[in-house]
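The chain contents come next:
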Amino acid sequence: MNQSQSQLFEKMATELKGLLDSDSINELVTKAKAAYENAYVPYSHYPVGSAVLFSSGKIYSGCNVENASYGLTICAERNAIFQAIAQGEREVKGIAIAVPTDVFPSPCGACRQVIREFAVDCPVILINGKGQIRWTSLKALLPEAFGPEFL
């Protein structure tokens, strides 16, 4: 990453941090890290945890759950969001995704689209196993996204 890209990344991270209060950030990170401890990953051995903040102020967490029929596997992000939707939530304000590895996680395409269903944009906090944090946004991960307003 060159210096101008690094400066742009830092500016974006600062702006995104401003969208969430420090208590919410800490709780999202803590709950996402705790969630991967419950992951069921006998095939990939890649546990992922996610925590999602909704407009109600509630945070829901989830982990990935694999299945021998791989297509039936559910990612941590969708697990958390679907649990929240079942409780009546509808508006995502921020999401954290954590893994125990040194490499930062990134939501898959299906998860990006599900997040988009409930947020036009939101901060996305990525946490690796070293406890390092990388900030991005849904719009950065899914530019020119298709959403419910197109139907």
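Up top is the structure.
Parameters at a glance
- Residues numbered from 1 in each chain as written.
- Predicted model: local features only at pLDDT ≥ 70, side-chain atom pairs only at ≥ 80, totals over all residues.
- Heavy atoms only, no water.
- Helix = DSSP H or I, 4+ residues; strand = E, 2+ residues; numbered from the N terminus.
- Buried < 20%, exposed > 50% of the residue type's maximum accessible area, 1.4 Å probe, protein only.
- Contact = heavy atoms within 4.5 Å.
- Areas by Shrake-Rupley, 256 points an atom, 1.4 Å probe, with all protein chains shown as cover.
- Lys, Arg positive; Asp, Glu negative; His and termini not counted.
- Salt bridge = Lys/Arg side-chain N within 4 Å of Asp/Glu carboxyl O.

A.B. asks: Could you clarify how one ought to interpret the overall build of the protein in this entry?
C.D. replies: Regarding its fold elements, the protein presents five helices and five strands. Counting from the amino terminus, the protein carries its helices and strands in the arrangement α-α-β-β-α-β-α-β-β-α. By residue count, 44% of the 151 residues in the protein fall in the buried class. Contacts spanning at least 24 positions in sequence make up 62% of the contacts within the protein whose residues lie at least 6 apart. A total accessible area of about 8,300 Å² is found for the protein, and carbon and sulfur atoms account for 52% of it.

A.B. asks: What exactly am I supposed to notice about the side chain of R78 here?
C.D. replies: Position of R78 relative to the elements: it lies in helix α3 (residues 76–86). The side chain of R78 is buried and forms no salt bridge, while E77, the nearest opposite charge, is found at 6.3 Å.

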